[in-house]
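Letter by letter, the chains look like this.
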Amino acid sequence: MRTYILRRLLLIPLIMLLVSFMTHSTFRIIPGSVAEIKCGLQCTPQLIADTKHEYGLDRGFFEQYGSWLGVYTNEDGKVSGVLQGNFGKSFLTTLSVDGEIQDRLPVTLELMALALILSLLMGIPPGIISAIRPGTPLDWVVRVASVLWISVPSFYLGILIITFGASWFGWSPPNFETGRAVPITEDPIKNLQTYFFPALVLSLGIAAVIMRLTRSSLLEVMRNDYIRTAWSKGLRERSIVWRHALKNAMIPVLTIIGLQVGGLIGGSVIIESVFALNGMGNYLLVSIIARDLLVVQSLVLLFAFVYVLINLIVDVGYAWLDPRIRYG
Amino acid sequence: MAKATALELELLEKGIPRAPLWRRLLRLAGSQPLGVVGLCFIGLILFCAAFADYIMLHNPQEIAVGPVSEGPSWSHPFGTDRLGTDTFSRTIFGARIAMIVGMSAILFGTTTGSAIGIASGYFGGIVDSILQRLIDSLLAYPAVVLLLAIIAVVGDEDSPVKEFLREPEVHLGFLGATIPLGPAGVIPEGTVWGVPNFLDVIVIALAIGLAVAVGTARVVRGAVLSLKENMYIEAARAMGASDFRIMLRHIFPNVAALVVVLSTIFLPIAILAEAAISFLGVGVPAGTPSWGADIGDPSNRAEAFDGSWWVVFFPGLALSIVVLGFNLVGDAFRDISDPRLRGGGGGTPGM
Amino acid sequence: MEESNYWQRLNRKRLSRRALLSASGTVAIGGAAAFVVGCGGGSDDSSPDGSSTPRPSRSVGAPVSGGTITQGRAVTVLGVDPHLDLTGLDIDTLLYPYMYGWQPGAETAIFNNLAESLEMPEVTEFIFNIRPGVLNSPVGPAAGEEITSEDCKQSFIRRGTALTAPDKRFPQKIAGSADPNLLAPKLLTPDPYTFRFSMAEPFVPGVREMANPTWGIVSAKVLETRRGQGLSQVAFGAGPYMLEEFKGNERVVLKKNPNYFIEGRPYLDGITYVVITENASLQSAFENKQHDVNGSILLKPKFDEYSENEDFVTSSAPSLFYPVIHLNMRRAPFDDIKVRHAINIAVDRDQITNLVFGGEGNYNGPIQWPQAKWALPQDELRAFYKRDLTAAKQLMDSAGYGDGFDVSLKTPRLTGVSFINDIARIIQTNLREININVQIDEVELGSYIVSTLLPGNFDMTFFPNLPYDEPDRPLAFYHSLGVTGAGNWTGYNNQDLDDLIEAQSREFDEPKRQEIVNQAQRLILEEHGPQLTLVGGYQYSAHWNYVHYPYELGEDPSGNPFGVDTWTEEEA
């Protein structure tokens with residue numbers, strides 16, 4: 001187990017290196033860079049060249065990569081990059097990526113946290129109910145609902161909420177008024193109004209997955225011999241479900257929750273843009289479209305890091321929870 | 001239930017003919033009504049995709065076929081948009097775009113993915129390590145971001161990929177030679193099956209396919225790892241069969257079923273992916289009657305906000321129906337393959 | 001009848017300064033694809049002008065000081081450096097003083113700002129008398145210091161030779177070079193309140209140029225201190241407002257400059273711009289009173305709806321933004337005048353007006369119609385571009401293209417904007433009728449600029465133009481040297497036209513200049529010059545009725561600089 005974790009941990013830097021290198025190469029292959037885009041339609045070749053030079057975009061492939069990484073001198077002759085904790089700056093806005101991340105990370109984190117809470121609330125209790133009363137109308141309702149949740153694309157639902165919420169109910173999220181999401185410490189109500197719908201939209205699909213897995217996993221556990229024994233001992237249903245079945249049934253559910261958190265990262269890219277939330281996802285999307293190289297590189301690296309880390313935690317957690325599983 | 005299965009098996013062994021196929025199917029349908037509904041949805045969409053030309057009332061691209069921004073009516077069941085385009089026709093035709101992109105992506109993705117997966121699993125060692133680290137890092141991208149990055153590379157008007165697809169040939173600079181790999185314009189740039197900018201749409205499909213390939217390769221490799229320990233592989237090798245032959249004749253047939261299953265899982269995902277990136281405005285060319293593009297189009301959204309809800313609502317509904325169809329059928333199959341999880345039975349489980 | 005209507009309407013609907021400013025910022029596609037939403041007659045700003053709809057039922061008191069307003073904004077502000085950044089021009093004009101203002105439509109200078117007057121003993125000689133007592137806002141390196149001629153000089157050098165100054169004609173005419181070191185000694189500052197220079201030859205567009213939002217006067221000390229760091233994210237100016245918070249992709253907060261040179265102004269304590277790049281969201285925020293001033297792109301139907309609502313004040317102004325399609329004359333079949341002619345009369349301009357501009361719009365010649373002084377008369381244009389499919393087909397036949405041809409129309413892909421594709425689709429439909437099969441090819445913006453537009457790698461290409469209120473710039477697209485001096489994109493070359501274009505830029509006498517400009521335009525028409533000029537519409541704006549712009553009170557629009565007189569009834 002320990003060697004397994006160690007090996008996985010050692011692989012992380014390698015994967016990060018590959019991820020960043022691929023991102024860097026990608027944006028070098030495609031024609032058109034942030035220089036042209038910032039320069040605009042009324043651009044001259046001279047202006048593009050000058051802008052590229054100013055940003056250091058005319059430097060060699062490895063020079064640029066190295067200086068971003070922090071193993072090679074940058075335009076100012078200093079060595080300062082990701083390894084030194086400096087993510088560089090956006091060419092487009094000239095703002096430092098570190099500062100942007102500081103501003104935007106809380107937005108994305110809160111969105112994801114709320115989405116996770118909502119998906120647990122909408123996933124686990126209905127899943128349990130459905131499993132202990134299979135075949136009943138309640139079970140049917142829950143199952144049909146879960147299929148619907150998983151089938152409506154999140155961006156479509158988001159558009160419906162934002163468009164029809166506004167035109168039919170005169171409602172639009174409070175962040176439209178100030179341009180930023182109010183922190184929860186400042187005004188919890190407004191904060192919730194801002195995050196509730198994007199989080200809901202984001203959570204539906206996950207809730208459905210969690211609900212289904214909870215149901216099937218619990219159904220399976222309930223068939224085990226030890227549950228039969230419990231029944232035969234005349235224990236009450238509540239005690240059987242809560243004390244005996246649920247604990248074991250939750251192991252695969254925990255795993256899937258972990259994996260879904262990874263999925264949340266991707267989902268946030270689209271949902272943040274739909275709800276005009278200035279989080280990490282929106283930032284990444286805008287930067288990709290604007291070919292803002294350093295921002296994309298840095299954000300992708302960060303996203304990938306979190307994703308890989310979550311996967312590792314899930315795997316390790318799974319092994320820890322279910323002693324039957326042992327990794328080589 | 002288990003008893004019934006055992007009985008069937010017994011009958012099968014004795015060679016006594018079972019109930020006719022249609023009756024068995026009917027019985028299956030009776031036990032999985034939601035699955036049947038799902039199949040109907042998929043069938044409906046496939047039907048629309050195939051026979052769009054006959055169902056559509058107008059050319060989905062044609063402007064000014066009716067009044068501007070008018071609500072649903074008999075002549076325009078889903079209303080019209082700001083340019084007087086018929087939303088019904090666009091929604092119906094969207095099925096074709098979705099299916100073309102979805103199917104091409106799956107075809108390309110699962111083929112490449114299984115090839116990589118088989119090679120990786122079969123050869124093991126350094127090849128496997130390199131390929132797996134590459135796949136690890138591709139999987140580390142959030143899916144949407146991976147797609148956006150791939151599209152940034154291949155989607156450009158003059159990207160090498162598009163150039164290659166226009167004229168499939170390889171330039172060998174050092175020999176000064178050009179090796180043609182196929183006739184120019186195999187994938188036409190113009191309108192094919194009514195799909196405008198066909199090449200652009202296919203390139204989007206290939207980009208999605210690439211993402212599918214990554215997922216496929218990982219799963220197939222896992223299967224191959226256990227397969228290759230089998231005796232018959234050893235035997236084939238001992239008989240002097242080449243690696244390529246073993247992979248093609250002995251390993252591939254054994255993972256084929258898995259690949260088919262993967263394809264059905266990935267198909268709705270691919271359709272959703274196309275919709276999502278077109279929604280973000282970086283997918284199919286603007287004006288293409290794609291569901292995602294119609295939902296995300298800024299003018300459509302403004303129109304919907306102004307009260308012309310139909311321009312956004314119906315394309316999204318169609319998209320949801322496809323995904324719902326696949327999910328329902330997927331559920332039904334899971335139930336059939338693992339009857340213990342089925343809803344029926346009644347009473348307390350295990351009793 | 002149509003004709004007289006047009007001129008009457010034009011006179012009523014005076015161009016607004018605000019609309020112009022904001023539009024220039026919007027369409028300066030200096031912004032990235034993601035940031036460009038404006039255009040299509042859109043303005044990210046309200047445009048108070050003669051055509052607004054004041055409500056007689058509402059009694060409006062005298063302007064009061066205080067309060068803040070929130071304004072939506074569709075375009076991300078990449079920076080507020082007046083000399084370099086193009087996406088925040090409307091904000092720049094609130095932060096810095098300018099030599100003088102510009103009255104669009106009338107196209108005259110208004111001396112309500114830093115310069116009290118301009119003396120021109122000769123047409124090449126410029127002497128500015130600087131207003132004493134214009135103080136910097138109480139922040140930054142030159143806090144509270146007076147703006148002097150030295151500041152004008154340094155700002156002129158910085159702007160005139162900036163990378164983003166497209167053609168360096170301004171320094172060229174003064175110093176014969178775009179080198180800042182050569183320009184400096186030619187800009188004279190005999191005393192703190194006099195700024196003068198002379199040009200080698202008359203250069204009329206220079207007068208408009210100096211009133212551009214890109215020619216803000218920044219304190220020399222600020223320029224010196226911020227050298228290397230730039231002025232994109234900070235602002236230290238002597239304009240009516242100062243920058244309190246700048247987050248170009250979220251919000252920009254301005255607050256009142258207590259040192260502003262006009263006593264008691266600005267009325268407002270502050271302005272907050274909220275950036276939301278999605279149009280429907282902007283509209284909902286406005287309707288739900290989250291924004292006091294609408295920032296979304298309004299189309300005609302929505303505008304009409306707002307106009308009927310008592311709670312809103314709406315206004316419309318002719319949009320100087322104009323879409324064109326460049327035809328590449330280096331390539332067949334566009335080298336054939338018959339083909340260009342056929343295309344010109346096959347396009348249904350009225351359909352574009354109806355479908356894209358909500359039915360309100362006029363034909364554009366080489367110079368767009370709202371430039372009343374310079375544009376060719378509508379009846380001439382409407383007669384010239386009259387749709388005639390029979391004649392078009394005959395022309396195609398006689399050019400040998402009776403069976404038509406396939407052609408690609410390349411458009412820049414701008415996420416968040418659909419009007420480009422809308423127009424392209426209409427043209428595609430129109431041209432199909434004369435057997436020209438147009439395929440619309442979208443190209444990513446960056447790639448579009450570098451590999452499509454600049455090298456002339458296209459058959460036909462869509463080009464959204466900036467709003468110009470001077471005839472020089474729109475004509476320069478036809479000049480063989482192009483707008484940048486590096487050659488035009490269409491390969492069009494006509495020495496007579498070049499001469500005319502250069503002649504008009506030297507002619508200070510307005511009637512004479514008009515004549516030359518018209519001559520040039522008619523020459524372009526005759527040749528079916530390589531730009532498919534289409535139609536231009538209006539831009540519409542709206543704000544809640546408690547926000548007031550001075551023009552609605554019937555004040556002289558040439559009163560105070562932009563943004564100074566805005567006030568609100570609601571204490572925020």
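Source: prediction; values computed, not measured.

Along chain A, the regular secondary structure elements total 13 helices and zero strands. The order of helices and strands in chain A, counted from the N terminus, is α-α-α-α-α-α-α-α-α-α-α-α-α. C-alpha atoms of chain A, sized along the principal axes, occupy 85 × 60 × 35 Å. Each of the 328 residues in chain A was classed as buried or not, and the buried ones make up 51%. Counting only contacts in chain A whose residues sit at least 6 apart along the sequence, the fraction spanning at least 24 positions is 67%.

Next up on the list: the sheet that holds strand E14 (residues 405-413) of chain C. All names here are of chain C. Here five strands make up an open sheet; going across it, the order is E15-E14-E16-E12-E17 and the pairing mixed. Sheet topology places strand E15 (436-444) and strand E17 (531-533) at the edges, where each strand pairs with a single neighbour. Taken pair by pair, the neighbouring strands of this sheet meet at an average axis angle of 30°, ignoring direction. Along the sheet, helix H15 (residues 419-432) makes contact with strand E12 (322-327), E14, E15 and strand E16 (460-465), crossing E15 at roughly 160°.

Attention now goes to the sheet that holds strand E5 (residues 125-130) of chain C. All names here are of chain C. An order of E4-E5-E7-E6 is seen for the four strands of this open sheet, with the pairing classed as antiparallel. Both edges of this open sheet fall to strand E4 (115-119) and strand E6 (188-191), since each of them pairs with a single strand only. Across the sheet, the axes of successive neighbouring strands diverge by a mean angle of 20°, strand direction being ignored. Sheet topology places E4 next to E5; four bridges connect them, and they run antiparallel. Paired with Glu119 across the bridge in E5 is Ile127. With respect to the sheet, helix H4 (residues 149-160) is in contact with E5, E6 and strand E7 (194-198), its orientation differing from that of E7 by roughly 40°.

Time to look at the environment of A:Ser119. Residue and element names in this part refer to chain A. By the element assignment, Ser119 lies in helix H5 (residues 97-132). According to the C-beta neighbour criterion, Ser119 is buried, with 27 such atoms within 10 Å. Placed 90 residues apart in sequence, Ser119 and Val209 show a C-alpha to C-alpha distance of 9.1 Å. Non-local contacts of Ser119, meaning those with residues more than four positions away in its chain, are made with Ser203, Ile206, Ala207 and Ile210.

Here the focus is the interface of chain C and chain B. Each partner contributes to the interface: chain C provides 26 residues, whereas chain B provides 25 residues. Of all the secondary-structure elements, those providing two or more residues to the side of chain C that touches chain B are helix H9 (279-287), helix H10 (300-308), helix H12 (349-356), H15, E15 and helix H16 (445-453) of chain C. Considered class by class, the residues forming the side of chain C that touches chain B number seven nonpolar, 12 polar and seven charged.

Taken together, the contact pairs 46 residues of chain B with 47 residues of chain A. Residue assignment for the side of chain B that touches chain A shows that the elements contributing at least two residues are helix H5 (125-140), helix H6 (143-154), helix H10 (243-279), helix H12 (298-305) and helix H13 (310-337) of chain B. Sorting elements by how many residues they give to the side of chain B that touches chain A places H13(B) first, with nine residues. Classifying every residue of the side of chain B that touches chain A by side-chain character gives 29 nonpolar, 10 polar and seven charged.

Residue and element names in this part refer to chain A. Axis separation between helix H7 (residues 154-169) and helix H11 (residues 237-274) bottoms out at 10 Å; the angle between their running directions is 15°. Taken as axis vectors, H7 and H11 run roughly parallel relative to one another. Between H7 and H11 lies a crossing whose hand is right-handed. For the pair H7 and H11, contact is made by Ser154, Phe155, Gly158, Ile159 and Ile162 and by Gly267, Ile270, Ile271 and Val274, respectively.

With that settled, the discussion passes to the nonpolar core. Residues B:Leu147 and B:Ile208 are the most contacted members of the largest nonpolar core, which totals 346 residues. Beyond its immediate stretch of four places on either side in the chain, B:Ile208 contacts B:Val101, B:Ala105, B:Leu147, B:Ala270, B:Ala273 and B:Glu274.

With that settled, consider the confidence of the model for chain A. Fine structural detail should not be taken from predicted coordinates in areas where pLDDT scores are low. Overall, the prediction assigns chain A a mean pLDDT of 83, with 97% of residues at 70 or greater. Here helix H2 (residues 34-39) of chain A is the element of chain A with the lowest mean pLDDT, 77, and H5(A) is the one with the highest, 90.

Time to look at unusual backbone geometry. In this structure, the amide linkage connecting C:Arg265 to the following residue, C:Pro266, adopts the cis form with an omega of -5°. The step from C:Ala332 to C:Pro333 runs through a cis peptide bond, and the omega angle for that step is 0°. With respect to the secondary-structure elements, C:Pro333 resides in the loop between E12 and helix H11 (337-346). Its identity is not glycine, yet A:Arg291 carries a phi of approximately 60°, on the positive side. Relative to the elements of secondary structure, A:Arg291 occurs in the loop between helix H12 (280-289) and helix H13 (293-321). Not every positive phi belongs to a glycine, and C:His528 is a case in point at roughly 50°.

This paragraph deals with the confidence of the model for chain B. Mean pLDDT over chain B works out to 82, with 86% of the residues at or above the 70 mark. For this predicted complex, the interface confidence comes out at an ipTM of 0.86, alongside a pTM of 0.86.

What follows is about the environment of C:Asn129. Residue and element names in this part refer to chain C. With respect to the helices and strands, the residue Asn129 is situated in strand E5. With 17 C-beta atoms counted inside 10 Å, the residue Asn129 sits in the partly exposed group. What Asn129 contacts, discounting residues up to four positions off in sequence, is Ala115, Glu116, Ser117, Tyr193 and Thr194.

Each turn of an α-helix holds 3.6 residues, which means side chains three or four residues apart point in the same direction. Within H7(A), burial applies to A:Ser154, A:Phe155, A:Tyr156, A:Leu157, A:Gly158, A:Ile159, A:Ile162, A:Thr163 and A:Ala166. Just past H7(A), the residue A:Gly170 takes up positive phi, approximately 60°.

The end-to-end C-alpha distance of H10(B), which contains 37 residues, comes to just 44 Å, noticeably less than the 54 Å that a straight helix rising 1.5 Å per residue would cover. Trailing H10(B) by a residue or two, B:Gly281 shows a phi angle of about 90°, which is positive.

All names here are of chain B. Within the fold, Ala223 resides in helix H8 (residues 198-227). Given 19 C-beta atoms within 10 Å, Ala223 falls into the partly exposed group. A sequence separation of 31 residues divides Ala223 from Asn254, and the C-alpha atoms of the two residues are 8.9 Å apart. What Ala223 contacts, discounting residues up to four positions off in sequence, is Val255 and Leu258.

The rules we used
- Residues numbered from 1 in each chain as written.
- Chains lettered and ligands numbered in written order.
- Predicted model: local features only at pLDDT ≥ 70, side-chain atom pairs only at ≥ 80, totals over all residues.
- Helix = DSSP H or I, 4+ residues; strand = E, 2+ residues; numbered from the N terminus.
- Buried ≥ 20, exposed ≤ 12 C-beta atoms within 10 Å, placed from the backbone.
- Contact = placed C-beta atoms within 7 Å.
- Pairing = 2+ DSSP bridges.
- Axes fitted to C-alpha atoms, helices over the stretch in contact; angles between N-to-C directions.
- Nonpolar A, V, L, I, M, F, W, Y, C, P; charged D, E, K, R; others polar.
- Parallel < 35°, antiparallel > 145°, perpendicular 65-115°, else oblique.
- Left-handed = near helix turned anticlockwise from the far one by under 90°.
- Core = buried A, V, L, I, M, F, W, Y, C linked by C-beta atoms within 7 Å.
- pLDDT = per-residue confidence, 0-100.
- Expected span 1.5 Å × (residues − 1).

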